Amino acid sequence: MKLSRRNALLGGATGLAAAGLISGQANAQTQAWPAHSATIPAGPAQPPGRGYRPVVTPNGATLPFRIVDGVKVFHLIAEEVEHEFAPGLNATCWGYNGRVHGPTIEAVEGDRVRVYVTNRLPAPTTVHWHGVILPSGMDGVGGLSQRSIHPGETFVYEWTLVQHGTFMYHSHHDEMTQMALGLMGMLVVHPRRRRGPQPDRDFAILLSEWYLPAGASRPDPNAMSDFNILTMNARCYPGTEPLLVRRGERVRIRFGNLSAMDHHPIHLHGYAFRITETDGGEIPASAQHPDTTVLVPTGSTRTVEFVADNAGDWAMHCHMTHHVMNQMGHGLPNLTGVNARRIDRAVGQVLPTYMTMGQDGMGEMGRHIGMGHMDVPDNSLPMVGAEGPHDYITMGGMFTILKVRDQLPADGSDPGWYDPPEGTMARAARTDELRRDGIDV
Ligand SMILES: [Cu+2]
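Keep in mind it's a predicted model, so treat the numbers as computed, not measured.

S.K.: What am I meant to see in the overall build of the chain here?
M.R.: A tally of regular secondary structure across the chain gives six helices and 23 strands. When each of the 441 residues of the chain is scored for burial, the buried share is 37%. Residue pairs in contact within the chain that sit at least 24 positions apart in sequence constitute 72% of those at least 6 positions apart.

S.K.: Got a minute to help me understand the environment of Leu-206 in this structure?
M.R.: Take Leu-206: it is sitting in strand β10 (residues 201–210). When the C-alpha atoms of Leu-206 and Thr-231 are compared, they prove to be 8.0 Å apart, with 25 residues separating the residues in sequence. With near-sequence residues (within four places) excluded, Leu-206 lies in contact with His-101, Met-168, Met-184, Gly-185, Met-186, Asn-233, Gly-256 and Leu-258.

S.K.: Would you take a moment to explain the sheet that holds strand β8 (residues 165–170) for this structure?
M.R.: Across a sheet, strands are paired by hydrogen bonds formed along the backbone, either parallel or antiparallel in direction. Taking strand neighbours across the sheet as the criterion, the four strands line up as β4-β9-β8-β6 in an open arrangement whose pairing is mixed. Each having just a single partner strand, β4 (105–108) and β6 (128–130) make up the two edges of the open sheet. Neighbour-to-neighbour, the strand axes of the sheet open up by a mean angle of 25°, direction not taken into account. Bridge analysis of β4 against strand β9 (residues 184–190) gives four bridges, and the strand direction is parallel. By the bridge assignment for β9, Val-108 is matched with His-190.

S.K.: Where do I start with the sheet that holds strand β12 (residues 243–246) in this structure?
M.R.: Read across the sheet, five strands follow the order β12-β23-β20-β14-β18 without closing on themselves; strand pairing throughout is mixed. Two strands in the sheet have a free side with no partner beyond their single neighbour: β12 and β18 (293–296). Between one strand axis and the next, the sheet turns by 20° as a mean value, whatever way the strands run.

S.K.: Hey, could you run me through unusual backbone geometry in this one?
M.R.: Note: most residues except glycine have negative phi, and most peptide bonds are trans. Residues Val-100 and His-101 are joined by a peptide bond in cis, for which omega reads -10°. As for its position among the elements, His-101 is in the loop between β3 (89–96) and β4. The omega torsion across Tyr-237 and Pro-238 is 10°, close enough to zero to call that bond cis. Looking at the element boundaries, Pro-238 is found in the loop between β11 (229–232) and β12. Located in the positive-phi region is Asn-97, a residue other than glycine, with phi close to 50°. Position of Asn-97 among the secondary structure elements: in the loop between β3 and β4.

S.K.: Explanation requested: the nonpolar core in the structure shown.
M.R.: In globular proteins that are soluble, nonpolar side chains generally tend to be buried together. By size, the foremost hydrophobic cluster in this structure holds 83 residues, and its most contacted members are Met-168, Leu-187, Ile-205 and Leu-402. The greatest single-element share of this core, amounting to six residues, is contributed by β10. Apart from the residues lying within four places of it in its own chain, the contact partners of Ile-205 are Pro-58, Met-232, Asn-233, Ile-253 and Phe-255.

S.K.: Help me understand the pairing of β11 in this model?
M.R.: Strand residues, when the strand is regular, have side chains that alternate between the two faces of the sheet. Alternating residues of β11 divide into Ile-229 and Thr-231 and Leu-230 and Met-232, and every residue in both groups is buried. Taken together, the four bridges between β10 and β11 define a ladder with antiparallel strand orientation. Across the sheet, residue Leu-207 finds its bridge partner in β11, namely Met-232.

S.K.: Got a minute to help me understand the environment of Leu-181 in this structure?
M.R.: Following the sequence through the fold, Leu-181 ends up in the loop between α3 (175–180) and β9. The exposure class of Leu-181 is buried, given the 26 C-beta atoms found within 10 Å. Residues Leu-181 and Cys-93, 88 residues apart in the sequence, show an inter-C-alpha distance of 5.1 Å. Look past the residues within four positions of Leu-181 in its chain and what remains in contact with it is Cys-93, Trp-94, Pro-219 and Pro-221.

S.K.: Looking at this model, I keep getting lost on the confidence of the model for the chain. Mind explaining?
M.R.: A low pLDDT score tells you not to read the predicted coordinates there in detail. With 85% of its residues at a pLDDT of at least 70, the chain reaches an overall mean of 87. Counted against residues more than four places away or in other chains, residues 1–39, with its pLDDT under 50, gives 29 contacts.

Conventions adopted
Residues numbered from 1 in each chain as written. Predicted model: local features only at pLDDT ≥ 70, side-chain atom pairs only at ≥ 80, totals over all residues. Helix = DSSP H or I, 4+ residues; strand = E, 2+ residues; numbered from the N terminus. Buried ≥ 20, exposed ≤ 12 C-beta atoms within 10 Å, placed from the backbone. Contact = placed C-beta atoms within 7 Å. Pairing = 2+ DSSP bridges. Axes fitted to C-alpha atoms, helices over the stretch in contact; angles between N-to-C directions. Core = buried A, V, L, I, M, F, W, Y, C linked by C-beta atoms within 7 Å. pLDDT = per-residue confidence, 0-100.

Structure, rendered in structure tokens:
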């Protein structure tokens, strides 16, 4: 079994070369590709986690599998799912196995995988394995590589993983609708042979965007620009789970982006990381570069690594400021700088709770809503944030927190907020300091 699979792999690569598909300039680079996939040891299928550090999908899950005659067998069920984006904001979405997004599929290079896909949606669907090298007929593009899976049907996909890295899966039938409703997930393939230092923490985060008008119960797939729910693993802040790391640990974060229309520059505070791979493969060490923001184009994955030697609560978020807002009404008039005292008084006579907002920006919006000063529709989230340890956090959407601590609770629970050591936190300046340093306020 082991041998024949390996032979099949070798045969496949040789066949490609013989057919002239891998030819052209015989430089080191082009030669390296077929050679690489041809030398993958097709080892025995191992139980989950054996031989690799399992990926953690914050707010998500990993798809279980069973091993049948050396093949890893998975079962995805496409179905309607009641999904919570954050406490107070729910919608009827489409997902897999009761989750939005679907659970992360995890396997090892050289594994033979068989994925059953059952369609419990009211519409036909398919599953495409994004970035994965496989036979054309397993590629999951509705109409092109297969006929679509009708409601009630179960299809089977099967291939051998000839690469390692970070990939994704998603519907490739009526893409605009089905991906906007949530039909996507991450697919992680670990190298068969250990390459470089193993990460102590390995996270997978899938970025996506939705349009859910305040009070609506289903995302609107027809939106083209006005996305108002920006998510990491289908959750928006304050619904995103923090990433917990012990100080000194080596951290890998795999970002995927299957947003309809947007790329996301994800910025991490407190660190410089190296961008180590894309869904096309590993970036050679000589070409990796340090950065603090990684642009994750839609339809791509980017993996970053760093050693978490800087304790603290570190923001990690999309740097597009409209992507760290929740349910922003983009059609609002600009009220910045407006004196609303007179209008507040006039409207207040007929609507006692009325208060004009936005003259000084949006930062206070979430807090006012939280305090009940402002009526919002049921099932809606304020534009911004949540109470933080020191003040209100004025970001929502594609925002989460990396919590690096010397010690973490043994049960994996949230360690709470970071307590900065004496003398290491910004504070109000004292008069004697201002005088000493010649600052005239
Ligand atoms: Cu963004």
